[in-house]
Amino acid sequence: MSLSLVYYPDPRLREACAPVKTFDESLRRLAEGMLEVMAAKRGVGLAGPQVGVLRRIFVCNHTGEPGDAQIYVNPELTDLVGSVEADEGCLCVPGVYVPVRRAQRCAIRACDIEGRPIERAGENLLARIWQHEADHLEGVLILDRTSAVAKLAVRNTLRELEKTHRPVRARAPFSSRG
Ligand code: ZN
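Residues numbered from 1 in each chain as written. Predicted model: local features only at pLDDT ≥ 70, side-chain atom pairs only at ≥ 80, totals over all residues. Heavy atoms only, no water.

Asks: Residues and numbers for the packing of aromatic side chains, please.
Replies: Counting across every chain of the model gives 2 aromatic pairs. Centre to centre, the rings of Tyr72 and Trp130 are 5.7 Å apart; their planes meet at 80°, and the pair counts as edge-to-face. Of this pair, Tyr72 sits in strand β3 (residues 70-81) while Trp130 sits in helix α2 (residues 124-136), and the two are 58 residues apart along the sequence. Of the two residues, Tyr72 and Trp130, neither departs from the other in class, the shared state being buried. Aromatic ring contacts, followed pair by pair, group Phe58, Tyr72 and Trp130 into a single cluster. (Phe/Tyr/Trp six-rings, centres within 6.5 Å; stacked < 30°, edge-to-face > 60°. Helix = DSSP H or I, 4+ residues; strand = E, 2+ residues; numbered from the N terminus. Buried < 20%, exposed > 50% of the residue type's maximum accessible area, 1.4 Å probe, protein only.)

The structure is reproduced here in structure tokens:
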């Protein structure tokens, strides 16, 4: 499956995603494609909407080692404990790093790619990635989780992204621009 990243301010990054109901070959291909995009972009996590798929699925790999790649379908976070602030970036908001406060550890309940229930506990970076990706499934970005002051500091980068990636509008055929 050929997938490409969507970038802020693409409106697909602002949608709440629908649950996955069918665990089939196309879901498997989607997950494999997402793992490829994540690795190619050297990301630690990637959620459906980041490749324009508004489904409740994300992949992550907090070490970069192939054996640590994880796939979560219809995830729910529970038992959020503690509070740690750290700088976060997002593949869909390139060049922007802002401080975000997250729980230090949490548990995740989800389905694996076959639809079997899984439950894990994570802390520190792994718990942070889970929270970041779960936010994507609700249309929430790091920009919503940081301070007004931090947003002000990255406003020029955001403006550039808004210019470059503004939503595509229908273009009149044979425009007068020649
Ligand atoms: Zn992100």
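This is not the end of the story, as more comes after the structure.
Asks: Report on the state of the cysteines, specifying residues and quantitative values.
Replies: A complete count under the given rule lists 0 disulfides for this structure. With no disulfide of its own, Cys60 lies 11 Å from the sulfur of Cys106, the closest cysteine sulfur. A relative accessible area of 0% places Cys60 in the buried class. Note on Cys111: no disulfide assigned, nearest cysteine sulfur contributed by Cys60 at a separation of 15 Å. (Disulfide = S-S within 2.5 Å.)

Asks: Provide a residue-level description of the coordination of the zinc ion, including the pertinent values.
Replies: Surrounding the zinc ion are the protein donor atoms Cys90 (SG), His132 (NE2) and His136 (NE2), at 2.0 to 2.2 Å. Counting along the primary sequence, the residues that act as donors to the zinc ion give the motif C-x41-H-x3-H. A residue pair is termed long-range when its members are at least 10 positions apart, and Cys90 in the loop between β4 (84-88) and β5 (98-102) and His132 in helix α2 qualify at 42 residues. Of the two residues, Cys90 and His132, both sit in the buried class. (Donors = N, O, S within 2.8 Å, 3.2 Å for Na, K, Ca; no water.)

Asks: Which residues make up the sheet that holds strand β1 (residues 45-47), and what values go with them?
Replies: If you trace the 5 strands from one edge of the open sheet to the other, you get β1-β2-β3-β6-β7, paired in antiparallel fashion. Two strands close off the open sheet at either side, each with one partner strand: β1 and β7 (117-123). Neighbour-to-neighbour, the strand axes of the sheet open up by a mean angle of 35°, direction not taken into account. Where helix α1 (residues 25-40) meets the sheet, it contacts β1, β2 (57-60) and β3, and its direction lies at approximately 40° from that of β2. Sheet strands touched by α2: β1, β2, β3, β6 (105-111) and β7. Its angle to β7, the strand with the most contacts, is close to 125°. (Pairing = 2+ DSSP bridges. Axes fitted to C-alpha atoms, helices over the stretch in contact; angles between N-to-C directions. Contact = heavy atoms within 4.5 Å.)

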